[in-house]
Amino acid sequence: MKLERAKYEPGEALEFYEQGLTALGALCERTWHDRLEIVAEGRAAGLWNSDGSLHQVELHFAPADATVARDAAREVFPGCPLTFQLAEALRHSPLPLERFVFPNTTPPRPPDAAVAEKLWRAQFPDTTRWVLTDSRHTEGRPPFKPDFHFSLVAFARCEIQAMDQHWSLHRIAVSLPDGELDDDLAREIGFHQAIGESTADIAWPSPDPTQWGVLLKRALEQELNAELMAVRARQEHSLRRELERIDDYFENYGKELNSRSLRSSSENAKLKMADRLAAAKAEHARRRADQEKRHEMLIQPHVDGLLLVAEAAWRASLQLARPHDLQAVEALFIPRSRRWLSSM
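Attention in this report is confined to the structure presented alongside it. (Residues numbered from 1 in each chain as written. Predicted model: local features only at pLDDT ≥ 70, side-chain atom pairs only at ≥ 80, totals over all residues. Heavy atoms only, no water.)

**A few points about the overall build of the protein chain**
When helices and strands are counted, the protein chain shows six helices and twelve strands. Taking 20 Å as the expected radius of gyration for a compact globule of 344 residues, we find that the protein chain reaches 31 Å, considerably beyond that expectation. In terms of its C-alpha atoms, the protein chain occupies a principal-axis envelope of roughly 105 × 70 × 35 Å. The buried share of the protein chain, reckoned over its 344 residues, is 35%. Restricting the contact set of the protein chain to residue pairs at least 6 apart, pairs at least 24 apart contribute 64%. When the accessible surface of the protein chain is summed, it comes to about 21000 Å², and 52% of that surface belongs to carbon and sulfur atoms. Taking the average location of the 44 positive side-chain charges in the protein chain and that of its 53 negative ones, the two points are 7 Å from each other. (Helix = DSSP H or I, 4+ residues; strand = E, 2+ residues; numbered from the N terminus. Rg over C-alpha atoms; globule rule 2.2 N^0.38 Å. Buried < 20%, exposed > 50% of the residue type's maximum accessible area, 1.4 Å probe, protein only. Contact = heavy atoms within 4.5 Å. Areas by Shrake-Rupley, 256 points an atom, 1.4 Å probe, with all protein chains shown as cover. Lys, Arg positive; Asp, Glu negative; His and termini not counted. Charge placed at Lys NZ, Arg CZ, Asp CG, Glu CD.)

**Looking at the nonpolar core**
Formed by 22 residues in total, the largest nonpolar core has its most connected members in Tyr17, Leu21, Ile38, Trp48, Leu59, Phe61 and Val76. Contributions of two or more residues to this core are made by helix 1 (10-23), strand 3 (35-40), strand 4 (55-61) and helix 2 (81-90). For this core, the element with the most residues is helix 1, which contributes four residues. One finds Val101, Ile172, Leu215 and Val231 within the second-largest nonpolar core, a separate group that totals 21 residues. (Core = buried A, V, L, I, M, F, W, Y, C linked by side-chain atoms within 4.5 Å.)

**Notes on the side chain of Asp34**
If you trace the backbone, Asp34 turns up in the loop between strand 2 (27-32) and strand 3. In contact with Asp34, other than residues within four places in its own chain, are Leu14, Leu59, His60 and Phe61.

**Things to note about the packing of helix 5 (residues 209-263) against helix 6 (residues 267-294)**
Where helix 5 meets helix 6, the closest approach of the two axes is 10 Å, and the angle between their N-to-C directions is 180°. As judged from the angle between their axes, helix 5 and helix 6 are roughly antiparallel. Together, Leu239, Glu242, Leu243, Ile246, Asp247, Phe250, Tyr253, Gly254, Leu257, Asn258, Arg260 and Ser261 of helix 5 and Lys270, Met273, Arg276, Leu277, Ala280, Glu283, His284, Arg287, Arg288, Gln291 and Glu292 of helix 6 make up the contact between the two elements. Looking at side-chain class alone, the contact of helix 5 with helix 6 contains nine nonpolar, five polar and nine charged residues. (Axes fitted to C-alpha atoms, helices over the stretch in contact; angles between N-to-C directions. Parallel < 35°, antiparallel > 145°, perpendicular 65-115°, else oblique. Nonpolar A, V, L, I, M, F, W, Y, C, P; charged D, E, K, R; others polar.)

See below:
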């Protein structure tokens, strides 16, 4: 889910700077509606002085439509470097993993077996036989056991370095352990409040940075696919134009040198022309390689938050039949998304 970029407002920017710098240990005082007096040392002063030495400055929060020259050390404006530096300074390092438990949205009774089977067959259409194999029936209800399903939600800033630089903020949710994108969870997580009950009895999965990194990378690639296609098309068009210009120049230059060589009867002149042709060929290759390097794209994600989400689910033992295959599997039914999760 791509989050909308906040518009620059001097008042909101001043509030962000005041709270952020105060959290870093600076002394802040509003001297006017658009000015903030700051006395900083250590981490807070690192925005101006790399050694963290004592720094005093009055920041001016300029209107968005101002056209006068900017002083990046004393003014805040759209795209101001200080804003990016402050955001980086406020990031926790190492990044903490927070936990969140969904309010119990599971109905008081397990899902009806017929409904569960229908959803399974819609998700796995190659199944020819579907049977609940657990023999523990209670009052004729299907033998589902309460359990938890886990998802990983990440807040990531993405920087696309190309001819033009692009920044975007994304909230991505992936199911664990299969890594399936969960766009509904990414949209709705901000509207839910965690339950106030103890979560000590929940068997939370152990953090796996390597595997989770692979899942988030794959999810972010899917999320950015449309935007990357547009950026890549512009890059390819520009690269094609530059390469054609370089090829035309060196092709004409080579023709001119060959023509001079043919008109000349001096062996010494012909040798010089051959040397110039070899030099032109090497320069041609260098120019092409330089343009290809200039038109490379670099995608740099910055993960700013990680949230491990637990939600109520139902576990069941199933016996499945596929063409020439009979399986007994453990599967998890997730009521919120009406989806089955299986390790088969």
